Amino acid sequence: MQELIYADVARRNRNLYEAFQSYVQLTKPRIIVLLLITTAGAMWIASEGQVDAVLMLTTVLGGALAAASANTINCLYDRDIDYVMERTRWRPLPSGRVSPRDALIFAIALAMISFTLLTVCANLLAAVLAMSGIATYVGIYTCWLKRSSTQNIVIGGAAGAIPPLVGWAAVTGDLSWAAWILFAIIFVWTPPHFWALALMIRDEYAKVGVPMLPVVEGDAATAKQILIYTILLMPVTMLLVYPLHVMGAIYTAIALYLGGVFIQKAYQLLQNPSDRQTARSVFKYSILYLAFLCIAMGVDSLPATHILNNQITAYVTGSFSNLFGFLSSTYLNS
Ligand code: HEM
Ligand SMILES: CC(C)=CCC/C(C)=C/CC/C(C)=C/COP(=O)(O)OP(=O)(O)O
């Protein structure tokens, strides 16, 4: 009898754990981690490295819940095509592990908790921005553009660029130019990130009639667009240095290096646009690129780094003025 009870409890626990896993899977948790790194990075810069720990925790949690809600609604809306594609067939909705009704209730609950948490612990602007992220990702990307335009990801990508705005607003209560540059960095980063993946799984998207760029315009045209966006990304990242002066020498060096490697990889892809391995390498690098760029921003904003940054800047400016002095005296005297 005792054993039967134990077996029953064990089975129930296993079922509970499996249900829990299915709901977690609905939220696409691995993507959320990088979204949160951009939120935390923005908070760190906005507070010049002196962010309140409770505010950081609650904002990141609120942002995670909003993104989880957005991803769940995306899974709900796309369950028809997810069922047909190999890559997505085993997601909780197409495989029947979660019912559409339960997924909807889950997504609404997540959004409501996120809104309340952000309003109470951060401010209304941060909460409204998070909700606008859900609206953009679901309304503009998922329901409207994903199945109708090759530029779906360019315009819909704005949703993924909202998390740093949430973080910035949570700290300062408003949105400065620097916050909008962070938005612009992720906005320009998203097409190379996604199109590299789309090159790898082009046939899957073609099978379900989703007009991703490689499906409609081909591999070479997509690789060309990827290269254009990676080149554009470099000056956009530098806007934080000049004219905004929010970042210093350490960020500049790391951002230029990371951007240089990104361009090099995109160029390699252009040489061989149908090579899946090269596309995979660009996709993987895009994730590393954004994570390290945020880390560079964080390091650059540390109070201790300011001293080092000032010394490097003074040295570089001093060297330049010496050089200009030398050149002008040489040429003016000759
Ligand atoms: C609307 C714009 C975006 C689209 C359409 C998009 C699309 C995708 C897709 C289809 C995947 C593969 C997911 C899977 O196999 O389940 C993926 C992976 C990923 N995305 Fe994006 N993405 C976008 C924006 C972003 C943003 C803004 C971030 C973070 C800042 C991000 C971070 C990631 C990460 C970290 C992965 C890898 C997840 C893993 O390890 O499996 N994405 N993305
Ligand atoms: C502030 C806030 C709430 C922002 C939300 C931003 C957000 C959730 C971005 C996620 C991007 C993403 C996973 C796209 C995949 O979509 P897909 O449908 O093309 O991927 P799939 O083919 O794998 O289903």
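Residues numbered from 1 in each chain as written. Chains lettered and ligands numbered in written order. Predicted model: local features only at pLDDT ≥ 70, side-chain atom pairs only at ≥ 80, totals over all residues. Heavy atoms only, no water.

A. Up close: the overall build of the protein. Scanning the protein from N- to C-terminus turns up 15 helices and zero strands. Viewed in the frame of its principal axes, the protein has a C-alpha envelope of about 100 × 50 × 40 Å. When burial is assessed residue by residue, the protein has 48% of its 334 residues classed as buried. Of the contacts formed within the protein by residues at least 6 apart in sequence, a portion of 73% connects residues at least 24 apart. (Helix = DSSP H or I, 4+ residues; strand = E, 2+ residues; numbered from the N terminus. Buried < 20%, exposed > 50% of the residue type's maximum accessible area, 1.4 Å probe, protein only. Contact = heavy atoms within 4.5 Å.)

B. Main features of the site of ligand 1. Taken together, 21 residues sit near ligand 1, with Arg-30, Arg-87, Arg-91, Ile-153 and His-193 positioned nearest. Taking Arg-30, its side chain carries an N or O atom lying 2.8 Å from an oxygen atom of ligand 1. One of the side-chain N or O atoms of Arg-91 is found 3.1 Å from an oxygen atom in ligand 1. When each cavity is represented as a set of grid points, ligand 1 is found to reside in the largest pocket. Going through the elements one at a time, α2 (29-46), α7 (152-156), α9 (177-200) and α14 (276-301) are the ones with two or more residues in the shell around ligand 1. Among the elements that make up the shell around ligand 1, the one with the highest residue count is α9 (six residues). When grouped by side-chain class, the residues that make up the shell around ligand 1 number 13 nonpolar, five polar and three charged. (Near = heavy atom within 4 Å. Polar contact = N/O pair within 3.5 Å; in protein donor to acceptor, adjacent residues only side chain to side chain. 1 Å grid on protein atoms, 1.4 Å probe; cavity = no way out; pocket = protein on both sides within 12 Å on 5 of 7 lines; lining within 4 Å. Sits in = over half its atoms within 2 Å of the grid points. Nonpolar A, V, L, I, M, F, W, Y, C, P; charged D, E, K, R; others polar.)

C. Representation of the packing of aromatic side chains within the structure. In the structure shown here, the tally under the stated rule is nine aromatic pairs. Among the aromatic residues, those joined into a cluster by ring pairs are Trp-180, Phe-183 and Phe-187. (Phe/Tyr/Trp six-rings, centres within 6.5 Å; stacked < 30°, edge-to-face > 60°.)

D. Here's a closer look at the packing of helix α12 (residues 219-238) against helix α13 (residues 249-271). Interaxial distance between α12 and α13 falls to 9 Å at its minimum, and their mutual angle equals 170°. As judged from the angle between their axes, α12 and α13 are roughly antiparallel. In this structure, α12 uses Ala-220, Ala-223, Lys-224, Ile-226, Leu-227, Thr-230, Ile-231, Leu-233, Met-234, Thr-237 and Met-238 to contact α13, whose residues at the interface are Tyr-251, Thr-252, Ala-255, Leu-256, Gly-259, Gly-260, Phe-262, Ile-263, Ala-266, Tyr-267, Leu-269 and Leu-270. Looking at the contact of α12 with α13, its residues break down into 17 nonpolar, five polar and one charged. (Axes fitted to C-alpha atoms, helices over the stretch in contact; angles between N-to-C directions. Parallel < 35°, antiparallel > 145°, perpendicular 65-115°, else oblique.)

E. Summary view of the coordination of the iron atom of ligand 1. Looking at the protein side alone, the iron atom of ligand 1 has one donor only, His-193 (NE2), at 2.2 Å. You can see His-193 is positioned in helix α9. (Donors = N, O, S within 2.8 Å, 3.2 Å for Na, K, Ca; no water.)

F. Expanded view of the environment of Ser-176. In this structure, Ser-176 sits in the loop between α8 (163-172) and α9. Exposure remark for Ser-176: the relative accessible area of 27% places this residue in the partly exposed category. A polar contact of 3.4 Å, which involves the side chain of Ser-176, links it to the side chain of Trp-168.

G. Broad picture of the environment of Lys-146. You can see Lys-146 is positioned in the loop between α6 (124-145) and α7. When its relative accessible area of 7% is taken as the criterion, Lys-146 is described as buried. Distance in space between the C-alpha atoms of Lys-146 and Ala-206 is 13 Å, their sequence separation being 60 residues. The contact partners of Lys-146, leaving out residues within four places of it in the chain, are Asp-78, Ile-81, Tyr-141, Asn-152, Val-210, Pro-211 and Met-212. Side chain to side chain, Lys-146 and Asp-78 meet in a polar contact 2.7 Å long.

H. View of the site of ligand 2. The local shell around ligand 2 holds 22 residues, among which Arg-87, Arg-91, Tyr-137, Tyr-141 and Lys-146 are the closest. Contact distances for ligand 2 include 2.7 Å between an oxygen atom and a side-chain N or O atom of Lys-146. Calculation on ligand 2 without its partners gives an accessible area of 630 Å², and the protein chains cover 90% of this total. Mapping ligand 2 onto the cavity grids shows that it belongs to the largest pocket. For the shell around ligand 2, the elements supplying multiple residues, two or more each, are α2, α3 (53-77) and α6. Broken down by class, the residue content of the shell around ligand 2 amounts to 13 nonpolar, four polar and five charged. (Areas by Shrake-Rupley, 256 points an atom, 1.4 Å probe, with all protein chains shown as cover.)

I. Summary view of the pattern of salt bridges. Evaluation of the coordinates by the stated rule reveals 12 salt bridges. Here Arg-12 makes a salt bridge to Asp-8, at a shortest N to O gap of 3.1 Å. Here Arg-12 and its partner Asp-8 are both found in helix α1 (residues 2-26), four residues apart, which amounts to about one turn of the helix. A salt bridge links Asp-78 to Lys-146; the nearest nitrogen and oxygen atoms lie 2.7 Å apart. You can see Asp-78 sitting in the loop between α3 and α4 (79-84) and its partner Lys-146 sitting in the loop between α6 and α7, a full 68 residues away along the chain. For the pair shown, Asp-78 and Lys-146 are each scored as buried. (Salt bridge = Lys/Arg side-chain N within 4 Å of Asp/Glu carboxyl O.)

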